[in-house]
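# Coordinate analysis (summary)
One letter stands for each residue in the lines below.
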Amino acid sequence: MSETNYDVLVIGGGAAGLSAALLLARSRRRVAVVDAGAPRNAPAAHMHGFLSRDGMNPLDLLTAGRAEVAGYGGELVADRVIAAECIGTADRTAGFTVRLASGRALRARRLLVASGLRDELPSLPGLRERWGRDVLHCPYCHGYEVADRPIGLLGAAESGPAARSVHLALALPQWSRDLVFFPHTFELSDADRARITARGVRIVDGKVSGVTVADDALRAVELADGASVARSALFVVADMIPDNTVVDALDCELTDSGFVRVDANGRTSVPGVFAAGNVVDPRSQVISAAGAAAAVAIAVNTDLTEEDCAAR
């Protein structure tokens, strides 16, 4: 099987991956971006908080980014990584081979993993269909658009962290004073219940069974006991699952929460492998993921330059 050689292979073509690839291509490195074309924010019609691009369709941003990367000679590979292996020793790499779902193999001196994450929602009818529209995950991304409307907050998914539910219950009244919190599958402590109530939030206990949708809009949150609470938007604490296909294959060290561990320059525990974006930090928004990835790309180029000089 023939292999194509690159200086850097970027795994993932979201804002982080394209930002890194753009800078590397402008540094005159041979770079390719492998992306399967399923960005996390695809269901959303608009992205917010990105200076000069606020309100832009996130897919339009990616389209523009791909064109910019290609304009500097970067290659875009529409495929999915299924395996990766290191060529060399544990403390000094001679490069990496990445195998794609299509059967193609790519080889690179360095890898920059920007494979992102997926949101795993509670298994309730209607949530996935409304995701990114009026079933939402982040008030900083979507809160302004539902401000002053009757909104709800669905507590942590079956395996999700309760702390994030409490944090959102305390934060969301900044956008709407008409907030109902549905703890759903976990028990609130007395202290947290008191803090949330003091913020003017109404707590409705009991398991949620689904949502009511009419005329292509969320209308209510349904409970298992038959009760219905009218709401026009629902924030959901989803589990955020990083795409660790590459970092697992290369045995990169992970944090306790399952995200790849990196230093200040995006270096993982495996020499020659860097990472940026949501695969590192689930809190990163589009603008911060892009900015962080640009900084990591500089570190990658510096690493390559040091190797180039040592080889002379």
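A brief report on the enclosed structure follows. (Residues numbered from 1 in each chain as written. Predicted model: local features only at pLDDT ≥ 70, side-chain atom pairs only at ≥ 80, totals over all residues. Heavy atoms only, no water.)

## Topic: the environment of Ala70
Assignment of secondary structure puts Ala70 in helix H2 (residues 58-71). Since its relative accessible area comes to 40%, Ala70 is described here as partly exposed. When the C-alpha atoms of Ala70 and Ala25 are compared, they prove to be 8.6 Å apart, with 45 residues separating the residues in sequence. (Helix = DSSP H or I, 4+ residues; strand = E, 2+ residues; numbered from the N terminus. Buried < 20%, exposed > 50% of the residue type's maximum accessible area, 1.4 Å probe, protein only.)

## Looking at the sheet that holds strand S8 (residues 135-136)
Sheet architecture is open: five strands sit in the order S8-S15-S9-S10-S11, paired in parallel fashion. In the strand order of this sheet, the two ends are held by S8 and strand S11 (202-203), each with one partner. Relative to strand S15 (residues 233-236), strand S9 (residues 151-154) runs parallel, the two being bridged by four bridges. Bridge assignment links Gly152 to a residue of S15, and that residue is Leu234. (Pairing = 2+ DSSP bridges.)

## Side note on the layout of surface pockets
Taken as a whole, the second largest pocket spans an internal volume of roughly 290 Å³. In terms of lining residues, the second largest pocket is bounded by 14 residues, among which Leu22, Phe50, Leu61, Gly65 and Glu68 are the most central. Sorting the residues of the lining of the second largest pocket by element identifies helix H1 (15-26) and H2 as the ones contributing at least two each. The leading source of residues in the lining of the second largest pocket is H2, at six residues. Residue composition of the lining of the second largest pocket, by class: ten nonpolar, two polar and two charged. (1 Å grid on protein atoms, 1.4 Å probe; cavity = no way out; pocket = protein on both sides within 12 Å on 5 of 7 lines; lining within 4 Å. Points joined across faces, edges and corners; volume = space filled by probe spheres on them. Nonpolar A, V, L, I, M, F, W, Y, C, P; charged D, E, K, R; others polar.)

## Quick look at the sheet that holds strand S12 (residues 208-214)
Working definition: the strands of a sheet are paired by backbone hydrogen bonds and lie parallel or antiparallel to each other. Spatially, the three strands line up as an open sheet ordered S12-S13-S14, and their pairing is antiparallel. Here the strands that pair on one side only, and so sit at the sheet edges, are S12 and strand S14 (228-230). The mean inter-strand angle of the sheet, taken between neighbouring strand axes irrespective of direction, is 30°. Relative to strand S13 (residues 217-223), S12 is paired through six bridges, and the arrangement is antiparallel. In the strand pairing of S13, Val211 is matched with Val221. (Axes fitted to C-alpha atoms, helices over the stretch in contact; angles between N-to-C directions.)

## Quick look at unusual backbone geometry
For residues that are not glycine, phi is negative in most cases, and the peptide bond is trans in most cases. Here Arg28, not a glycine, exhibits a phi torsion of approximately 70°, which is positive. Mapping Arg28 onto the fold places it in the loop between H1 and strand S2 (31-35). Its identity as a non-glycine residue notwithstanding, Asp148 has a phi of 65°, on the positive side. Take Asp148: it is sitting in the loop between helix H4 (139-142) and S9. Accessibility expressed as a relative area gives 70% for Asp148, which makes it exposed.

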